[in-house]
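Examining the three-dimensional arrangement
Residue-level listing of the chains:
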Amino acid sequence: MELCRLRLPRLHGLLALFAALALRASATPGPALWPMPLSVQISPNVLHLSPQSFSITHDPSSKAGASCTPLQEAFRRYYDYIFGYYKNLDHPAVFSTEMELQQLLVSVILDSECDTFPSITSDESYFLYVKGPVAFLKANRVWGALRGLETFSQLIYQDLYGTFTINESNITDSPRFSHRGILIDTARHFLSVKTILKTLDAMAFNKFNVLHWHIVDDQSFPYQSIIFPGLSNQGSYSLSHVYTPNDVSTVIEYARLRGIRVIPEFDTPGHSQSWGKGQKDLLTPCYSQHVPTGTFGPINPILNSTYSFLYQFFKEISMVFPDQFIHLGGDEVEFDCWKSNPDIQDFMKQKGFYQDFSKLESFYIQKLLNITSTTEKGSIVWQEVFDDKVKLPAGTIVQVWKGQKYRDELHDVTTAGFPVLLSAPWYLDWISYGQDWRKYYEVEPLDFDGSPEQKKLVMGGEACLWGEYVDSTNLTPRLWPRASAVGERLWSHKEVRNLDDAYKRLTGHRCRMVRRGIAAEPLFTGYCTHEAR
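Residues numbered from 1 in each chain as written. Predicted model: local features only at pLDDT ≥ 70, side-chain atom pairs only at ≥ 80, totals over all residues. Heavy atoms only, no water.

With respect to the overall build of the chain
Along the chain, the regular secondary structure elements total 18 helices and 17 strands. Taken over C-alpha atoms, the radius of gyration comes to 27 Å for the chain, in line with the 24 Å a tight globule of 533 residues would show. A principal-axis box enclosing the C-alpha atoms of the chain has dimensions of 105 × 50 × 45 Å. Put simply, of all contacts in the chain between residues at least 6 apart along the chain, 75% involve residues at least 24 apart. Of the roughly 23,700 Å² of accessible surface on the chain, a fraction of 54% belongs to carbon and sulfur atoms. (Helix = DSSP H or I, 4+ residues; strand = E, 2+ residues; numbered from the N terminus. Rg over C-alpha atoms; globule rule 2.2 N^0.38 Å. Contact = heavy atoms within 4.5 Å. Areas by Shrake-Rupley, 256 points an atom, 1.4 Å probe, with all protein chains shown as cover.)

What follows is the structure, encoded as structure tokens:
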């Protein structure tokens, strides 16, 4: 009798716990898809997965199979993303075979891009069909398979009993824009390679496909050139704040395996003070009252040695970075030093520029564009290059970043027939109290006065996180999930705009990123299921 009295309270407690769990489980949310796919049909029919019996593998009839490194690496990653966080499954779960999903079979129609790098024309479309016991993911190219694997992983959620669950689903998906980028700045503050790789992981979780690497600037020159080692030896913050050739190749390959392009930016003729520390006579000497001041301005555009250096340097860059584009910058060029220099004044007279220093800038940019064209690379420039009426080769991409009148700029650039990227409303270094992700989410890239042909010239856009106040300690939480809002805007259909629905999905997606090791900041009050106590 005493034994029964001891057990009865414990039994009541267990019954109460089970009742509470059942009540909470009934409210357990389903998958939080982000960004929202193009077409989604989710059935109420539920399947279960067991880490011990589930596998991701390629379709034996698929062109891309065991030899496709990006695919095989992705299989391993996504199995870990789905199951690796949870440590509480000591025994295999037992399900009815009718309710169990045992395999995801991945089929890629063409394998010709498995050993290459993604490009502006990469096909990222896919079709996903989930029904037990085998789900099917089909894509034309490996890049679409990578995006489909991310979506598949997002469909899986764990209920409060620890059961991995997925609803029968039918998803057809492709991105709205081909260029969906994140800009990082490694010159104002050096970012560790580990931080850059973590950023690439988060980009893949949000289906971004371009890392815009603003690698050098006035403050430092961390890129270690093979031909001109003095640039980083003298121009970096220190010899430990340098990206070696091995570091750069590591970033590029890590990005490739996630379907992400790496576009380097080497911004000139302005933003180039660090260049001059390791390359003699590259910068313009400044004068005051016809006397040298000992200070230097932008790159000197009148010397043949300048263009000899630039030819050799960008030839190296074109071989190190495989992407078909190089970002040449061209923004915020200050003319005061050029105006003070007597040699430049004489040069201006000879050329008939008549004190119009935007013409001198155009002279320089035109020569630089000619140099990069010899390397068979396309060019991206900031909007000032277009505004200053530089004669741009067809296909040069103009990146719009300035102010509230960006819609007028989009109109003007596309009227001139040039492809364009939008960044102006997505400068994430400008922070404010509250849920500023909402204003990024509400931007419509095609909301400008232009014909359908003009709007086809909008390649996409980039979220920019400049580095004046950002280093490896705070880049990730400042970037995510704020950049996620830009990711959905650039991937999903333009009609996907409901802020309440977006908030619900994004809170779930943010928690998923946290579970995957991305220190994304919270959107608002609340908590993540399964978060550490």
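Now that the structure has been shown, the text picks up again.
Let's talk about the environment of C464
Along the chain, C464 falls in strand β17 (residues 458-465). Accessibility expressed as a relative area gives 0% for C464, which makes it buried. Sequence separation between C464 and H214 is 250 residues; the distance between their C-alpha atoms is 9.9 Å. Contacts of C464, omitting those with residues within four sequence positions, involve L183, Q399, S423, W426, Y427, L428 and D429. (Buried < 20%, exposed > 50% of the residue type's maximum accessible area, 1.4 Å probe, protein only.)

What to know about the packing of helix α10 (residues 342-351) against helix α11 (residues 357-374)
Helix packing for two helices is described by the angle between their axes and how far apart those axes are. Contact geometry of α10 with α11 gives a least axis separation of 11 Å together with a crossing angle of 85°. By the angle between their axes, α10 is roughly perpendicular relative to α11. Residues I344, F347, M348 and K351 of α10 touch α11, and the partners they reach there are F357, L360 and F363. A breakdown of the residues in the contact of α10 with α11 according to their chemical character gives 6 nonpolar, no polar and 1 charged. (Axes fitted to C-alpha atoms, helices over the stretch in contact; angles between N-to-C directions. Parallel < 35°, antiparallel > 145°, perpendicular 65-115°, else oblique. Nonpolar A, V, L, I, M, F, W, Y, C, P; charged D, E, K, R; others polar.)

Observations concerning unusual backbone geometry
The omega torsion of the bond from T268 to P269 falls at 0°, within 30 degrees of zero and hence cis. Note that P269 resides in the loop between β10 (261-265) and α7 (273-278). In this model, W480 is joined to P481 through a cis peptide bond whose omega is 5°. As for its placement among the helices and strands, P481 is situated in the loop between α16 (475-479) and α17 (482-491).

Details of α17
Of all 10 residues in α17, 10 are buried; the element is thus mostly enclosed. Listed as buried for α17 are R482, A483, S484, A485, V486, G487, E488, R489, L490 and W491.

Topic: the environment of Y126
Residue position: Y126 is located in strand β4 (residues 126-130). Judged by relative accessible area, which is 3%, Y126 ranks as buried. There is a polar contact of 2.5 Å between the side chain of Y126 and the side chain of T151. A distance of 2.6 Å separates the side chain of Y126 from the side chain of D173, its partner in a polar contact. (Polar contact = N/O pair within 3.5 Å; in protein donor to acceptor, adjacent residues only side chain to side chain.)

Side note on the pairing of strand β7 (residues 164-173)
Burial analysis of β7 places 8 of its 10 residues in the buried class, which makes it a mostly covered element. Across 8 bridges, strand β1 (residues 39-49) lies against β7 in antiparallel orientation. Across the sheet, the residue bridging to H48 is T165, located in β7. Hairpin geometry of strand β6 (residues 157-158) and β7 is characterised by an intervening segment of 5 residues between the two adjacent antiparallel strands and by a positive phi of about 90° at G162. (Pairing = 2+ DSSP bridges.)

Quick notes on the pattern of salt bridges
Under the defined criterion, the tally for this structure stands at 18 salt bridges. Among the salt bridges present, the one from E468 reaches R188, with a minimum N-O distance of 3.9 Å. With E468 in the loop between β17 and α16 and R188 in the loop between β8 (179-185) and α4 (193-205), the pair connects residues that are 280 residues apart, well separated along the chain. Overall, the relative accessible area of 37% leaves E468 in the partly exposed class. If you follow the salt bridges from partner to partner, you end up with D185, R188, D217 and E468 in one network. (Salt bridge = Lys/Arg side-chain N within 4 Å of Asp/Glu carboxyl O.)

As for the state of the cysteines
Within this structure, the stated rule accounts for 3 disulfides. The side chain of C68 participates in a disulfide bridge whose partner is C114; the two sulfur atoms lie 2.0 Å from each other. Residues C68 and C114 share a disulfide whose torsion about the S-S bond is about -90°; that sign makes it left-handed. Within this pair, whereas C68 is found in the loop between β2 (55-58) and α2 (69-83), its partner C114 is found in the loop between β3 (103-108) and β4, the two being separated by 46 residues in sequence. Both residues of the pair, C68 and C114, count as buried. Sequence-ordered numbering of the disulfide-bonded cysteines in the chain gives the connectivity 1-2, 3-4, 5-6. (Disulfide = S-S within 2.5 Å.)

Thoughts on the packing of helix α8 (residues 304-320) against α11
Put simply, α8 and α11 touch, their axes get as near as 9 Å, and they point 35° apart. The two elements α8 and α11 cross, and the hand of that crossing is right-handed. Counting all contacts with α8, which are made through T306, Y307, L310, Y311 and F314, the residues of α11 involved are F363, Y364, K367, L368, I371, T372 and T374. Looking at the contact of α8 with α11, its residues break down into 8 nonpolar, 3 polar and 1 charged. (Left-handed = near helix turned anticlockwise from the far one by under 90°.)

Observations concerning a negative patch on the surface
On the surface, D387, D408, D412 and D449 cluster together into a negatively charged patch. Summarising the element assignment, D387 is placed in helix α12 (residues 383-387). (Patch = residues over 30% accessible without salt bridge, like charges linked within 9 Å, V, L, I, M, F, W, Y side chains within 5 Å. Lys, Arg positive; Asp, Glu negative; His and termini not counted. Charge placed at Lys NZ, Arg CZ, Asp CG, Glu CD.)

A word on the nonpolar core
Counting residues in each nonpolar core, the largest one holds 134 residues, and the members touching the most others are F152, F266, F313 and W480. With 8 residues, α11 is the single largest residue contributor to this core. Among all residues touching F152, those that are not within four sequence positions of it are F54, I82, L101, L104, L128, V130, A135 and I166. Core analysis: the next-biggest nonpolar cluster, separate from the first, contains 8 residues, I263, F325, I397 and M459 among them. (Core = buried A, V, L, I, M, F, W, Y, C linked by side-chain atoms within 4.5 Å.)

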